[in-house]
Amino acid sequence: MPPRPALNPDPATRAWAPAPDPAPGLLAMRGKLLPLAGLYLVQGLPYGLQSGLLPVLLRARGLSLTRVGLAKALYAPWLFKLVWAPLVDTRGSPRAWLTLSTAALGLVCGLLASHPPAAAGQAGLPVTVAGLLLLLNLAAAVQDVALDTLAVRLLEPAELGPGNTVQVVAYKLGAVLAGGGLLAFVPTLSWPLLFLLLAATYWLAAALTWVAPALQQLPTPLPSEHPRHTLHLGQDLLAVPGTLWTVGFVLTYKLGEQGTSGLFPLLLLDCGISAPELGLWNGVGAVACSIAGSSLGGALLARRRQPLPLLKSALQFRLGGLACQTAVLFHLDSPGASLAPSTVLRGAALLSLCLQHFLGGLVTTTTFTLMMRCSQLAPSALQQATHYSLLATLELLGKLLMGTLAGALADSLGPRLCFSVFLALSAMPMLYLGLAPNTLA
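The protein chain goes by Major facilitator superfamily domain-containing protein 3 in an unreviewed UniProt entry, where it is assigned to Tursiops truncatus. Quoted verbatim from the Subcellular location (unreviewed entry) field of UniProt, the annotation for the protein chain is "Membrane". In its Sequence similarities (unreviewed entry) section, the UniProt entry covering the protein chain states "Belongs to the major facilitator superfamily."

Structure, rendered in C-alpha cells:
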C-alpha cells in the first residue's frame, strides 16, 4: 500500500489538505544554481592560474618572495569593480554582460597562447604577458559583477546558503583546475596548448550563457528616476544597515590567513618539496579540503544556522589551525629540520596546509552569505550589483593587500616573526565579531 501524502491544516476551513510538493521548489533552485556554478567555475580559472601556477614557476626560477608577491598586483582590476557596477545595473542585461565578458576572456587566452612566459634567468614576466594577464583580470572582474547581479536578484533568502556554497565551491574548483591541477602537468603541457584549452572553455561558456533559461528570465529592475552622483552613491551605500560593520569585517577577516596561505607553500618549496608535488598538495589536495569546508558551511546554513554564531565558531577553529601551522614553521626554520619523505614533520606540514584550507573554506562561505544578506537590506536601486560589489571589492582589497606584502614581510622580518604577526591578525576578527549589529543577526 503506497504511503499517504503528508497533510497540513487549512486555517480557514480547519480541514486537512495535502501538503505542497517540495519538488518544484527544488527544481527551480537547481535551475538557478547550475548556470551560476558553471560561470563561477570558469571565473576561478584566472585566479588559479595566477595564485597557484605562476608563483611557483617564478619562485622556481629564483625570484625573491618580495617579487613573487608583487606579481599579485595584476589583480588590480578587481579593485575597481565599483566603476562599472553601475553600468551593469543600468545598461543592458546581465546576460549580455556575462556573454561579452566571458567571450573576452577567451580572446585574451587565445592571445596568451602565442606569448611564452618568462624564460630561465629572466627577471620576471615579459611586459606583454603581464599586460594580457591584466586584461584577463579586467574581463573576469566585469564578469564577476554581472554574476553578483544575477545571484542577488535570483536567490531567495532561504537559498542564500546553497547559493553561496555553489559560488565558493565552483570558483575554487576552477582555481584548482587552473592552478594546482595544471602545475602537476606543466612538464608535459605546453604554454600554448594550455591557453588554447582555456580559450575554448571560455567560448563554450559564453555560448551556454547566451542560451541559459535562467538568464533569459531574469527580471530587470526599474531604472532610478534620479541618477546618483558618485558622492551621493557612496553615502547611500554606506547608509545601508550593517554596511559599515561589514566593510570593517571583510577588510580584516582574511589578513592572517591570506599571508600564511601565500607564503607557506613557497617555504615548503624552499625546504625541498618539488613543484609537481607541491601543486598536488597545495592545488588539488588543499583546494579539495577548501571545497569540503565550503560545502559544510553551506549545509549548516541550509539547516537554518545563523551566519554570525557559525562564523564565530569557524574563526576560533581557524585560529587554532593557524597556531598549529605556525608551530610547524618554527620546526622547519630550526637547524637540522628535514622534509624528507616519510618524516613526521613533512606529514605535519602537508596536513596543516590542508587543514587551513578546510577552515578557510568554511569561513569564506559563511562570510559571503553575510555579505549577501547585508546587500539584500539595500534599496532595490542599489542592491543588484553596486552594493554587493562594494563589499566584494573591499573583501578582495584586504586579501590582495596582505598577499602582495606577505613576501616583503617574510624577507624583512623572517618567517618566525612574520607568522607570529599573521597569528595576531587572525585573532582580530574574533574580537570584531562581538560588535556586529542586530540587523545582520
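Alright, that's what it looks like, and here's the rest.
Caption draft 1: Geometry of the overall build of the protein chain. The secondary structure content of the protein chain amounts to 18 helices and two strands. Sorting the 441 residues of the protein chain into buried and exposed places 51% on the buried side. In the protein chain, 85% of the contacts between residues at least 6 apart in sequence involve partners at least 24 apart. For the protein chain, the exposed area adds up to about 19600 Å²; of that, 70% sits on carbon and sulfur atoms.

Caption draft 2: The pattern of salt bridges, seen in detail. Considering all chains together, one arrives at three salt bridges under this definition. Between Arg 318 and Glu 257 there is a salt bridge, with the nearest N and O atoms lying 2.8 Å from each other. With a gap of 61 residues between them, Arg 318 in helix α14 (residues 307-332) and Glu 257 in helix α12 (residues 255-270) connect regions that are remote in the sequence. A relative accessible area of 9% places Glu 257 in the buried class. The partner of Glu 395 in a salt bridge is Lys 399, with the nearest N and O atoms 3.3 Å apart.

Caption draft 3: Geometry of helix α17 (residues 386-413). If you check α17, its first and last C-alpha atoms are 39 Å apart, about what 28 residues at 1.5 Å a residue would give, namely 40 Å. In α17, a bend of some 35 degrees at Leu 405 exceeds every other bend along the element. Gly 414 occupies a position one or two residues after α17 and carries a positive phi of about 90 degrees.

Caption draft 4: Structural context of a nonpolar patch on the surface. Taken together, the side chains of Leu 204, Leu 208, Trp 210 and Val 211 make up a nonpolar region of the molecular surface, amounting to roughly 420 Å² of accessible area. Here Trp 210 lies in helix α8 (residues 191-211).

Caption draft 5: Here's a closer look at the packing of helix α11 (residues 243-252) against α17. Axis separation between α11 and α17 bottoms out at 7 Å; the angle between their running directions is 30 degrees. With respect to each other, α11 and α17 are oriented roughly parallel. For the element pair α11 and α17, the recorded crossing hand is right-handed. Between α11, through Thr 243, Thr 246, Val 247, Val 250 and Leu 251, and α17, the contact on the second element is made entirely by His 387, Leu 390, Leu 391, Leu 394, Glu 395, Leu 397 and Gly 398. Residue classes in the contact of α11 with α17 are distributed as seven nonpolar, four polar and one charged.

Caption draft 6: Representation of the packing of helix α15 (residues 344-375) against α17 in the model. Contact geometry of α15 with α17 gives a least axis separation of 9 Å together with a crossing angle of 150 degrees. One element, α15, and the other, α17, form an angle in the roughly antiparallel class. Here α15 runs over α17; the crossing is right-handed. Taken together, the residues of α17 that come into contact with α15 (itself represented by Phe 368, Met 371, Met 372, Cys 374 and Ser 375) are His 387, Tyr 388, Leu 391, Ala 392 and Glu 395. Tallied by class, residues from the contact of α15 with α17 come to seven nonpolar, two polar and one charged.

Caption draft 7: Local environment of α15. Compared with an ideal rise of 1.5 Å per residue, which puts 32 residues at 46 Å, α15 spans 46 Å between its outermost C-alpha atoms and is within 8% of the ideal. Summarising burial for α15: 25 of the 32 residues are buried, a large majority.

Caption draft 8: Here's a closer look at the nonpolar core. Within the largest apolar cluster, 75 residues are counted, with the highest numbers of intra-cluster contacts made by Leu 36, Leu 49, Leu 133, Phe 195 and Trp 245. Per-element accounting of this core gives the leading share, 15 residues, to helix α5 (residues 127-154). Contacts of Trp 245, omitting those with residues within four sequence positions, involve Leu 308, Leu 370, Tyr 432, Leu 433, Leu 435, Ala 436, Pro 437 and Leu 440.

Caption draft 9: Spatial organisation of the packing of aromatic side chains. Across all of its chains, the model carries five aromatic pairs by this definition. With centroids separated by 5.4 Å and ring planes inclined at 20 degrees, the aromatic side chains of Phe 249 and Tyr 253 adopt a geometry described as stacked. For Phe 249, a relative accessible area of 1% gives the class buried. Using a relative accessible area of 0% as the deciding quantity, one classes Tyr 253 as buried. Between Phe 419 and Phe 422, the ring centres sit 5.6 Å apart and the planes meet at 65 degrees, which makes this aromatic pair edge-to-face. Residue Phe 419 and its partner Phe 422 are both found in helix α18 (residues 415-432); the two are separated by three residues, about one turn of the helix. Through pairs of rings, three or more aromatic residues link up here, namely Trp 245, Phe 249, Tyr 253 and Tyr 432.

Caption draft 10: Examining the side chain of Arg 318 more closely. Arg 318 sits in the buried class, given a relative accessible area of 1%. Ignoring anything within four residues of it in the chain, the contact list for Arg 318 reads Tyr 253, Lys 254, Glu 257, Gln 356, Leu 359, Val 363, Ser 426 and Pro 429.

Caption draft 11: Local environment of the environment of Ala 76. Locating Ala 76 in the fold gives a position in the loop between α2 (65-70) and α3 (81-90). Among the residues examined, Ala 76 registers a relative accessible area of 25% and is labelled partly exposed.

Caption draft 12: Just the state of the cysteines, in detail. Per the counting criterion, the structure on display carries zero disulfides. In this structure Cys 289 is not part of a disulfide, and its nearest cysteine sulfur, from Cys 354, lies 4.2 Å away.

Caption draft 13: Highlighting the environment of Ala 288. Tracing the chain through its elements places Ala 288 in helix α13 (residues 275-302). Along the primary structure Ala 288 and Val 176 are separated by 112 residues, whereas in three dimensions their C-alpha atoms are 8.2 Å apart.

Cut-offs applied
Residues numbered from 1 in each chain as written. Predicted model: local features only at pLDDT ≥ 70, side-chain atom pairs only at ≥ 80, totals over all residues. Heavy atoms only, no water. UniProt positions renumbered as here; feature names shortened; annotations may be inferred. Helix = DSSP H or I, 4+ residues; strand = E, 2+ residues; numbered from the N terminus. Buried < 20%, exposed > 50% of the residue type's maximum accessible area, 1.4 Å probe, protein only. Contact = heavy atoms within 4.5 Å. Areas by Shrake-Rupley, 256 points an atom, 1.4 Å probe, with all protein chains shown as cover. Salt bridge = Lys/Arg side-chain N within 4 Å of Asp/Glu carboxyl O. Expected span 1.5 Å × (residues − 1). Bend = angle between axes of the 7 residues up to and from the residue. Patch = residues over 30% accessible without salt bridge, like charges linked within 9 Å, V, L, I, M, F, W, Y side chains within 5 Å. Axes fitted to C-alpha atoms, helices over the stretch in contact; angles between N-to-C directions. Parallel < 35°, antiparallel > 145°, perpendicular 65-115°, else oblique. Left-handed = near helix turned anticlockwise from the far one by under 90°. Nonpolar A, V, L, I, M, F, W, Y, C, P; charged D, E, K, R; others polar. Core = buried A, V, L, I, M, F, W, Y, C linked by side-chain atoms within 4.5 Å. Phe/Tyr/Trp six-rings, centres within 6.5 Å; stacked < 30°, edge-to-face > 60°. Disulfide = S-S within 2.5 Å.

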